[in-house]
Amino acid sequence: MPTKIADVGADALLVAKSKLDSDYTPSEDEEFMNERQQEYFRGLLIAWKKSILSEAESTLAHLQDGPLREPDLADRASSETDWAIELRTRDRQRKLIAKIDSAIRRIDEGEYGYCAVTGEPISLARLQARPIATMTLEAQERHERNERISRED
């Protein structure tokens, strides 16, 4: 069953959050990116990656069930379209896994949670919503504005 392109990773992140063992949630009241916060986000990222990989395995098993043998051309076209969407979704998830691995590497290097552009801390709310974020919300908006302007030129 195809996944909506917009949902790539979002459902898996919700699953990952639900599987975290700890009742702990990072708070603005504690030191930013202390050891406990780093371990929380590491666990979240690892759980997210496992959830995505699990989805990918089920897709692979489904694709290996056999070739399309729909007798009706319309049914065959519909099935092929569904498969193409599924494969595109899995490709996007493959790229997401690379970003998750990068975020885990940033935790290991002590750079996680800090904006790649300004060096300022990324809000905990943003990291909760998008654990792979590399920029503060303001820096991301500025980046997207500049990208839009250069695309229009």
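Each remark here, short or long, concerns the structure printed above.
Every chain is numbered independently, its residues counted from 1 as its sequence is written. Selection of residues for local features in this predicted model requires a pLDDT of at least 70, selection of side-chain atom pairs for listing and counting requires 80 or more, and totals for whole chains, interfaces and linings are taken over all residues. As a rule here, side-chain values cover all heavy atoms of the structure and leave hydrogens and water aside.

Visitor: Would you mind going over the nonpolar core with me for this structure?
Guide: Taken as a class, soluble globular proteins show a tendency for nonpolar side chains to be buried jointly. The set of buried Ala, Val, Leu, Ile, Met, Phe, Trp, Tyr and Cys residues whose side-chain atoms join them within 4.5 Å is what this entry labels a nonpolar core. To sort residues, take the accessible area from a 1.4 Å probe on protein chains only and compare it with the maximum for the residue type: under 20% means buried, over 50% means exposed, and anything in between is partly exposed. Counting 29 residues, the largest nonpolar core has F41, L45, W48, I100, Y112 and L127 as its most contacted members. Here a helix means four or more residues in a row that DSSP labels H or I, a strand means two or more in a row labelled E, and each is numbered from the N terminus. The set of elements that each furnish at least two residues to this core consists of α1 (10-19), α2 (35-63), α3 (73-108) and α4 (124-129). Among the elements that make up this core, the one with the highest residue count is α2 (seven residues). For L127, the residues in contact, after removing those within four places along its chain, are F32, M33, F41, Y112, G113, I122 and A133. Any two residues whose heavy atoms approach within 4.5 Å are treated as being in contact.

Visitor: Looking at this structure, I do not really get the pattern of salt bridges. What am I missing?
Guide: Two side chains with opposite charge may pair up if their charged atoms get near one another. The rule for a salt bridge is simple: a side-chain nitrogen of Lys or Arg has to be within 4 Å of a carboxyl oxygen of Asp or Glu. Under the criterion given, the structure shown has seven salt bridges. Two residues, R90 and E55, come together in a salt bridge whose shortest N-O distance is 3.4 Å. Residue R90 is found in helix α3, and its partner E55 is found in helix α2; the two are separated by 35 residues along the sequence. Exposure remark for R90: the relative accessible area of 15% places this residue in the buried category. Under the relative-accessibility criterion, E55 is labelled partly exposed at 23%. Measuring nitrogen to oxygen at the nearest pair gives 3.6 Å for the salt bridge that ties D91 to K95. Residue D91 and its partner K95 are both found in helix α3; the two are separated by four residues, about one turn of the helix. For D91, a relative accessible area of 30% translates into the label partly exposed. Among the residues examined, K95 registers a relative accessible area of 45% and is labelled partly exposed. In this structure, a network of salt bridges that share partners links the residues E39, R42 and D108.

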